[in-house]
Amino acid sequence: MAGIKGILFDKDGTLVDFNATWFGVADFMAMEAAEGDRRRADELLDAGGFDFAAKRFRPDSVFAAGTNRDVVELWFPHLAGDDFAGTLRHFNATTASQGAAMAVALPGIAEALAVLHAKPYRLGVATNDSTAGCEQTLLALGIAQLFDAAYGYDAVANPKPAPDTVVSFCDLTGLKPVEIAMVGDNRHDLEMARAGGCGLAVAVLSGTGTRESLTPLADVVLDSVAELPAWLEKQTRD
């Protein structure tokens, strides 16, 4: 662990309470897409990955792991060209503003990030939200200043689980992939860590992923990012 010098974090479910933050946003967008038809909106939410019985998003679903582009393709399969591009721009703008306004930080996140930043680790965010949405959320939570960069799905040619964000973060910081830890709550976070050659893949159980789904790809599974500073400190001592 002494070789880890930078940490990339997923955003939703890792830094932000996914269900508390995103159900309201997803429901708003679904009702708009369904033109006010409640039954149709619920069908769209179910298709995107909301489990109405459990009242939470399903692991690795389009909502939990996909991009706004994935949602638009799912909900509006008939759109193409300028119509598709316009709808995607609208989704990006709405989810950016609403996601930031409704963002709920997970417990202990700000304190843990401050400790890691002071070590100092180079910190970044790798999300399948839009870059603007990510930046607005970090500002709203008062933690933007702790990060060197925030990468949304639209900041790289290929979003998670492709390794593009790892490459971009290494280019920015001068670090090697083996010096980077990736932290996330879904399989695509850990798949990116493996594809990018990261030195450490950390799963957290604070989002939509489960211990069963994450353990095969993770070097360690923690309850949340709040545990990460102490865990890293222990590894460097041992």
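As a reminder, the structure under discussion sits directly above these lines.
Quantities reported herein were computed from a predicted structural model and do not represent experimental measurements.

**Student:** What is the right way to read the overall build of the protein chain from this model?
**Tutor:** Counting secondary structure elements, the protein chain contains 11 helices and 8 strands. At 17 Å, the protein chain has a C-alpha radius of gyration in line with the 18 Å of a compact globule built from 238 residues. Expressed along its principal axes, the backbone C-alpha trace of the protein chain runs to roughly 60 × 35 × 35 Å. Taking all 238 residues of the protein chain together, 53% fall into the buried category. Nonlocal contacts in the protein chain, meaning residues at least 24 apart in sequence, comprise 63% of its contacts between residues at least 6 apart. Working note: accessible area of the protein chain is about 10,200 Å², and carbon and sulfur atoms make up 53% of it. With 19 positive and 33 negative side-chain charges, the protein chain shows a separation of 5 Å between the mean positions of the two kinds.

**Student:** What should I look at first to understand the packing of aromatic side chains in this one?
**Tutor:** How two aromatic rings sit relative to each other is set out by the distance from centre to centre and by the angle between their planes. Summed over the entire model, instances satisfying the criterion amount to 9 aromatic pairs. Seen in terms of ring centroids, phenylalanine 50 and phenylalanine 57 are 5.1 Å apart; in terms of plane orientation they differ by 75°. Their pairing is edge-to-face. Pairing phenylalanine 63 with tryptophan 75 gives two aromatic rings, centres 5.8 Å apart and planes at 85°, and the pair type is edge-to-face. Here the residue phenylalanine 63 occupies a position in helix H3 (residues 62-65), and tryptophan 75 occupies one in helix H4 (residues 68-75), the gap between them amounting to 12 residues. Members of the aromatic cluster, joined through ring pairs, are Phe18, Phe23, Phe50, Phe52, Phe57, Phe63, Trp75, Phe76 and Phe91.

**Student:** I tried to follow the sheet that holds strand S1 (residues 6-9) on my own but got confused; where do I start?
**Tutor:** Neighbouring strands of a sheet are bound in pairs by backbone hydrogen bonds; such pairs are parallel or else antiparallel. The strand order across the open sheet formed by 6 strands is S5-S4-S1-S6-S7-S8, and the pairing between neighbours is parallel. Each edge of the sheet is formed by a strand with only one pairing partner; in this case those strands are strand S5 (149-151) and strand S8 (220-222). Going from strand to strand, the sheet's axes swing by 25° on average, the running direction of each strand aside. The pairing of strand S4 (residues 122-126) with S5 spans 3 bridges and is parallel. Opposite glycine 124, over in S5, you have alanine 149 as the bridge partner. Helix H9 (residues 187-196) contacts S1, S4, strand S6 (180-184) and strand S7 (200-204) of the sheet and is inclined by roughly 175° relative to S7.

**Student:** Before we go on, may I ask you to explain the pattern of salt bridges in this structure?
**Tutor:** Where charged atoms of side chains with opposite charge meet at close range, the side chains can pair. Under the definition given, this model contains 13 salt bridges. Measuring nitrogen to oxygen at the nearest pair gives 3.1 Å for the salt bridge that ties aspartate 148 to arginine 122. Note that aspartate 148 is positioned in the loop between helix H7 (131-141) and S5 and arginine 122 in strand S4, a separation of 26 residues in sequence.

**Student:** Would you mind going over the packing of H4 against helix H5 (residues 81-101) with me for this structure?
**Tutor:** Working note: a packed helix pair is described by the angle between its axes plus the distance between those axes. Contact geometry of H4 with H5 gives a least axis separation of 10 Å together with a crossing angle of 125°. Classified by the angle their axes make, H4 and H5 are oblique. Crossing of H4 over H5 shows right-handed handedness. Together, Asn68, Arg69, Val71, Val72, Glu73 and Trp75 of H4 and Phe84, Thr87, Leu88, Phe91, Asn92 and Thr95 of H5 make up the contact between the two elements. Class assignment of the residues belonging to the contact of H4 with H5 gives a composition of 6 nonpolar, 4 polar and 2 charged.

**Student:** Help me understand H5 in this model?
**Tutor:** Taking 1.5 Å per residue, 21 residues should reach 30 Å; H5 reaches 30 Å between its end C-alpha atoms and fits that length. Its buried side turned inward, H5 meets helix H1 (18-33), H4 and H7.

**Student:** Got a minute to help me understand the state of the cysteines in this structure?
**Tutor:** Every disulfide links exactly two cysteines, by a covalent bond between their sulfur atoms. Applying the stated criterion across every chain, the model contains 0 disulfides. Free cysteine: cysteine 134, not disulfide-bonded; nearest cysteine sulfur from cysteine 198 at 17 Å. Free cysteine: cysteine 198, not disulfide-bonded; nearest cysteine sulfur from cysteine 170 at 7.1 Å.

**Student:** Any chance you could explain the nonpolar core here in plain terms?
**Tutor:** Most often, soluble globular proteins keep nonpolar side chains buried together rather than apart. Residues Ile7, Phe9, Leu15, Leu113, Phe147 and Leu228 are the most contacted members of the largest nonpolar core, which totals 30 residues. Counting residues per element, the ones that place at least two in this core are S1, helix H6 (109-118), S4, H7, S6, S7, S8 and helix H11 (228-237). Ranked by the residues each element gives to this core, the list is headed by H6, at 4 residues. Once residues lying within four places of it in the same chain are set aside, the contact partners of leucine 113 are Phe9, Leu15, Leu123, Ile143, Leu146 and Phe147.

Reading guide: rules and limits
- Residues numbered from 1 in each chain as written.
- Predicted model: local features only at pLDDT ≥ 70, side-chain atom pairs only at ≥ 80, totals over all residues.
- Heavy atoms only, no water.
- Helix = DSSP H or I, 4+ residues; strand = E, 2+ residues; numbered from the N terminus.
- Rg over C-alpha atoms; globule rule 2.2 N^0.38 Å.
- Buried < 20%, exposed > 50% of the residue type's maximum accessible area, 1.4 Å probe, protein only.
- Contact = heavy atoms within 4.5 Å.
- Areas by Shrake-Rupley, 256 points an atom, 1.4 Å probe, with all protein chains shown as cover.
- Lys, Arg positive; Asp, Glu negative; His and termini not counted.
- Charge placed at Lys NZ, Arg CZ, Asp CG, Glu CD.
- Phe/Tyr/Trp six-rings, centres within 6.5 Å; stacked < 30°, edge-to-face > 60°.
- Pairing = 2+ DSSP bridges.
- Axes fitted to C-alpha atoms, helices over the stretch in contact; angles between N-to-C directions.
- Salt bridge = Lys/Arg side-chain N within 4 Å of Asp/Glu carboxyl O.
- Parallel < 35°, antiparallel > 145°, perpendicular 65-115°, else oblique.
- Left-handed = near helix turned anticlockwise from the far one by under 90°.
- Nonpolar A, V, L, I, M, F, W, Y, C, P; charged D, E, K, R; others polar.
- Expected span 1.5 Å × (residues − 1).
- Disulfide = S-S within 2.5 Å.
- Core = buried A, V, L, I, M, F, W, Y, C linked by side-chain atoms within 4.5 Å.

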